[in-house]
Amino acid sequence: MALVFRSPQSAIDAAIRKLKADGVVHPDAAFNPSAPDGLRREIAYRDLDFVHRLGATAAEEETVDGALDLLAENGLLPGDASYDKGAYENHRRAVKESFSGRWTSMTPTMERLIYALTSVRRPARLLELGSFWGYTLAWFAGPCVGADRTYVAEKIYGIDIDADMVELARGNFAKLPNCEEVELIAEDARTALERIPGPFDFVYIEAKGDTRDDESEGLYLPLLKQVYDRLSDGAWVIAHDSIDWTFREEMANYLPYVRDRSRFRESVSFEIDYCGLELSIR
Ligand SMILES: C[S@@+](CC[C@H](N)C(=O)[O-])C[C@H]1O[C@@H](n2cnc3c(N)ncnc32)[C@H](O)[C@@H]1O
């Protein structure tokens, strides 16, 4: 079983206040932390109305600090691992002001968590599969791009099958300084990965279609299998949308694979918003 991190009480309280203010639940409703996932009007942890709000609260910083603490407590990070919060705020401002694109399901807390993970891991070679219009990559590669980067990576790949989205991503990254290591590739990740050399120290899997892929198992697991032998010792892999109900069929084969200790030393489910993030450590 994977480790599970859930948001602190302050974030839960804030999300419940929003649920009540939005009229979604009765003002007298109480949080039931032991309710089985999926329960409706009792505000269970996986209640969609609840987790939709959980990812955007004033407790964002505390939530991410707690997530890093959990990794440190389990020997997955040094005890003093932290990220530069000032650099993060500057980077967030730069991205919000300069990037343009379509929708995103990234929540503010998830953006900060992904940035913080790269910050504390400091990978030399980063790979995102399904980098869309560059917004998700902006957080993943955040500590090593832009005016406030905190370290220099060797290589940052972003691959997406949608050429229009990759063009948009190129335009977005062109507006940030210090992006020389970023290479955006417009191609099916499955063919691009046939020639891109490893090793990879940190891989971010986000590739999925609007409609179900021809393989019922989706793309996450096949892509992970394709890069597995190129993961460096101790490499990290993150998969977004790990607890998204609409994505559960694809995750049903991915999660058991990464939670098998013969393949990954540990896997952590960050259940901090309606999408969730699974971090697996080789
Ligand atoms: C919809 S995005 C994910 C959005 C993200 N959750 C967000 O909130 O910003 C998934 C991306 O995967 C890409 N994709 C789908 N199949 C792919 C493939 N075979 N290779 C590379 N990218 C792929 C899509 O083009 C799309 O840009």
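Every chain is numbered on its own, with residues counted from 1 as its sequence reads. Where local features are concerned, this predicted model is filtered to residues with pLDDT of at least 70; where side-chain atom pairs are given and counted, the filter is 80 or more; whole-chain, interface and lining totals use all residues.

**Considering the overall build of the chain**
Runs of E in the DSSP output that reach at least two residues are strands. Runs of H or I that reach at least four are helices, and both are numbered from the N terminus. What the chain contains, in helices and strands, is ten helices and eight strands. Its C-alpha atoms give the chain a radius of gyration of 18 Å, within 12% of the compact-globule value 19 Å for 282 residues. Dimensions of the chain, computed from C-alpha atoms along their principal axes, come out at roughly 55 × 40 × 40 Å. Residue burial here comes from a neighbour count, namely the number of other C-beta atoms, placed from the backbone, that lie within 10 Å of the residue's own C-beta, with 20 or more meaning buried, 12 or fewer meaning exposed, and in between meaning partly exposed. Split into buried and exposed, the 282 residues of the chain put 45% on the buried side. In this setup the radius of gyration rests on C-alpha atoms only. A globule is expected at 2.2 Å times the number of residues raised to 0.38.

**Points about the sheet that holds strand β4 (residues 182-186)**
One requirement defines pairing of two strands: DSSP has to find at least two bridges between them. Read across the sheet, eight strands follow the order β1-β7-β8-β6-β5-β2-β3-β4 without closing on themselves; strand pairing throughout is mixed. Edge positions in the open sheet fall to β1 (3-6) and β4, since each of these has one partner strand only. On average, adjacent strands in this sheet sit at an angle of 15° to one another, irrespective of strand direction. As defined by bridge partners, strand β3 (residues 155-160) adjoins β4 across five bridges and the pair is classed as parallel. Note on β4: the bridge partner recorded for Asp160 is Ala186. Whether two residues are in contact is decided by their C-beta atoms, placed from the backbone, lying within 7 Å. To obtain an axis, a line is fitted to C-alpha atoms, over the contacting stretch when the element is a helix, and the angle between two such axes runs from 0 to 180 degrees between their N-to-C directions. Contacts from helix α9 (residues 220-228) reach β2 (125-129), β5 (200-205) and β6 (231-240), with the element oriented near 170° to β5.

**Section: the packing of α9 against helix α10 (residues 248-258)**
When two helices pack together, you describe them by how their axes are tilted relative to each other and by the distance separating the axes. Closest axis-to-axis distance for the α9/α10 pair is 8 Å, and the angle between their directions is 35°. Counted together, Tyr220, Leu221 and Leu224 of α9 and Glu250, Asn253, Tyr254 and Tyr257 of α10 form the full contact between these two elements. Throughout this entry, Asp, Glu, Lys and Arg are counted as charged residues, while Ala, Val, Leu, Ile, Met, Phe, Trp, Tyr, Cys and Pro are counted as nonpolar. The remaining residues, Gly among them, count as polar. For the contact of α9 with α10, the residue count by class is five nonpolar, one polar and one charged.

**Some remarks on helix α4 (residues 85-98)**
An ideal rise of 1.5 Å per residue puts 20 Å on 14 residues; α4 measures up with 20 Å between its terminal C-alpha atoms. Residues Tyr88, His91 and Val95 constitute the buried set of α4. Buried residues along α4 cover an arc of 70° about the axis, so they all sit on one side. Opposite the buried face of α4, by more than 90 degrees, sit the exposed residues Gly86, Arg93, Lys96 and Glu97. Multiplying 1.5 Å by the residue count of a helix minus one yields the expected span of that helix. Arc definition: it is the arc formed by the directions from the helix axis to the C-beta atoms.

**Some details on the site of the ligand**
In the neighbourhood of the ligand, 22 residues make up the surrounding shell, with Thr104, Ser105, Gly130, Asp162 and Ala189 lying closest. Elements supplying a minimum of two residues to the shell around the ligand: α6 (135-140), β3 and α8 (189-192). When grouped by side-chain class, the residues that make up the shell around the ligand number ten nonpolar, six polar and six charged. For each residue, a C-beta atom is placed from the backbone, and the residue is labelled near a molecule or strand when this atom is within 6 Å of it.

**Overview of the pairing of strand β8 (residues 277-281)**
The buried fraction of β8 amounts to four of the five residues, a majority that puts the element mostly inside the structure. Here β6 pairs with β8 via five bridges, running antiparallel. Within β8, the position partnered with Trp236 by the bridge is Ile281. Here strand β7 (residues 266-271) runs beside β8; their pairing, made up of five bridges, is antiparallel. Residue pairing across strands places Ser267 opposite Ser280, the latter belonging to β8. A loop of five residues connects β7 with β8, the two strands running antiparallel in sequence, and Gly276 in this loop sits at a positive phi of about 80°.

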